[in-house]
Amino acid sequence: MIYTVTFSPAIDYVVYMDELRQGATNRTISEEYYFGGKGINVSTILTELGIDNTALGFVSGFTGEALEKGLKEKGIRTDFVHLDNGITRINIKIKMKHETEINAQGPQISKNKIKELLDKLYKLKEGDILVISGNVPNTLPEDIYERILESLDGRGIEYVVDATGELLKKVLKYRPFFIKPNKKEMEELLGDIICTDEDLRRGAQAMQKIGARNVLISLGKDGAYLLCEDGTEHMMAAVCDDSAVNTVGAGDSMVAGFLAGCLQRQSFDEALKLGIAAGSATACSEGLATKEKIKEFYQR
C-alpha cells in the first residue's frame, strides 16, 4: 500500500479577474476550487492511474469536512487526523495577467494530534511505501520528517521524499527510494548553479553519496533528469508545449507517475516517461490531470 502525508492540506479557491482594485468591491469572471496539498496531489494522480493508496494528514473544521468528503467522492481513500480547533486552510489564487496567491496559516496542531499521526504511520508494514512532501508548517516541529522516518527505519518500508534544503538533506540517511528536487532546489542544495548535463550528474551523485538511492530532478519545460542507483542515467523532455496553463501540482504529478511506473514493474526509462506524461498533462490542465489526459501525453 502507498501512503501519502499532507501536513497542511488546503482548499485552493481560484478566482479569475480582469483587474484587482484595492479599497474597492471587485467582481470575478469565474471561480473554481481544488483540494490541495502536495501529498493529496500525489494521491489524486495515483488514483487516476489506478494505484491504490491512502492519504494521511491533518484536517479541521467545516473546510476539513468538505475536503475529506470531496476526496472520497473522487475515490481517494483517506485516514486523516481530525483536529479539535481551527479550520483546514483556504488558499486564494487570483488569476489575472499575473497570478497573486494568498496562502492561509492553517490550524494549530497539538502534541497529542502529532502522536496520533505517528501512531497511524507506525502501523505501516514491510513493503509499504510512504510519500512525504512539502514544507513543514510552523505549527509542527521542524524535525517531523526525521521523527517519522526514524520511527519506521529498518522495517522494510520504502520512502519517497519531495522536500527542500536541510529538510531533505537530514532524511537522506534513511535511504529514500527516490527524491524529486527541481533544478532550483538542487542549486540551493549544492550552493552552485546548474548549467550543463554534467552539473546535473554531479549534483545527483552528491545526493546519492549522502543516501538517496534514485534522484529525479524536474526541469520544468525541459522535462527531467534521472540518476538511478545502478549508475544509469535518463534525460527526457517535457511533452507540454505552449498550451501549458498551470504549474501547481505538476511536480507532484511527476512523482505519482514515476512511482506508478515503478510499481507496474516498468523499466526506469518507461517509469520516467509516465512521470513526464503525468507532470506535463497537469501543466496543460486547469487542475490536476485526468487519466485520459495522462494517457494521451504518454502516447505522445
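Note: the structure precedes this text.
About the thresholds
- Sequence order sets the numbering: in each chain, residues are counted from 1 along the sequence as written.
- Under the rules for a predicted model, residues below a pLDDT of 70 receive no local features and side-chain atom pairs below 80 are neither given nor counted, while totals for whole chains, interfaces and linings still include all residues.
- As a convention, hydrogens and water are excluded, and side-chain values are obtained from all of the structure's heavy atoms.
- For helices the rule is a DSSP run of H or I covering at least 4 residues; for strands it is a run of E covering at least 2, with both sets numbered from the N terminus onward.
- Our radius of gyration is a C-alpha quantity, and the globule rule it is checked against amounts to 2.2 Å times the number of residues to the power 0.38.
- Burial classification: accessible surface area is computed with a 1.4 Å probe over protein chains only, and a residue below 20% of its type maximum counts as buried, one above 50% as exposed, and the rest as partly exposed.
- Methods summary: accessible areas were calculated by the Shrake-Rupley approach with a probe of 1.4 Å, and residue burial reflects only the protein chains presented.
- We count Lys and Arg on the positive side and Asp and Glu on the negative side, and we leave His and both chain ends out.
- Each charge is placed at NZ for Lys, CZ for Arg, CG for Asp and CD for Glu.
- Throughout, disulfides are identified as pairs of cysteine sulfur atoms within 2.5 Å of each other.
- Only centres within 6.5 Å qualify two rings of Phe, Tyr or Trp (six-membered ring in Trp) as a pair; their planes then separate them into stacked at under 30 degrees, edge-to-face at over 60, and tilted for everything else.
- For a helix, the expected span equals 1.5 Å multiplied by the number of residues minus one.
- Arc definition: directions from the helix axis to the C-beta atoms.

(A) Region of the structure containing the overall build of the chain. Per the secondary structure count, the chain includes 10 helices and 14 strands. Here the C-alpha atoms of the chain give a radius of gyration of 19 Å, agreeing with the 19 Å that 2.2 N^0.38 yields for 300 residues. Summarising its shape, the C-alpha atoms of the chain cover approximately 60 × 50 × 40 Å along the three principal directions. Per-residue burial over the chain gives 51% buried out of 300 residues. When the accessible surface of the chain is split by element, carbon and sulfur atoms take 47% of a total near 14,600 Å². Positive and negative side-chain charges in the chain, numbering 37 and 45 respectively, have mean positions lying 3 Å apart.

(B) Focus on the state of the cysteines. Counted according to the given criterion, the structure contains zero disulfides. Of all cysteine sulfurs in the structure, the one in Cys 228 sits closest to Cys 262, which takes part in no disulfide; the separation is 8.4 Å. Overall, the relative accessible area of 17% leaves Cys 262 in the buried class.

(C) View of the packing of aromatic side chains. Applying the stated criterion across every chain yields a total of five aromatic pairs. Note on Phe 7 and Tyr 145: the rings are 5.8 Å apart at their centroids and 40° apart in plane angle, and the pair reads as tilted. A residue pair is termed long-range when its members are at least 10 positions apart, and Phe 7 in the loop between strand 1 (2–6) and strand 2 (10–16) and Tyr 145 in helix 4 (residues 144–152) qualify at 138 residues. A relative accessible area of 4% places Phe 7 in the buried class. Between Phe 258 and Phe 268, the ring centres sit 6.1 Å apart and the planes meet at 15°, which makes this aromatic pair stacked. In this pair, Phe 258 sits in helix 8 (residues 250–263) while Phe 268 sits in helix 9 (residues 268–283), placing the two residues 10 residues apart along the sequence. What makes Phe 258 buried here is its relative accessible area of 0%.

(D) Quick peek at helix 2 (residues 61–73). In this model helix 2 runs 19 Å from its N-terminal to its C-terminal C-alpha over 13 residues, within 8% of the 18 Å that 1.5 Å per residue would give. All of the buried residues in helix 2 are Thr 63, Gly 64, Leu 67, Glu 68, Gly 70 and Leu 71. The buried residues of helix 2 occupy an angular sector of 165° when the element is viewed end-on, so they sit on one face. The exposed residues of helix 2 that point more than 90 degrees off its buried face are Phe 62, Glu 65, Lys 69, Lys 72 and Glu 73.

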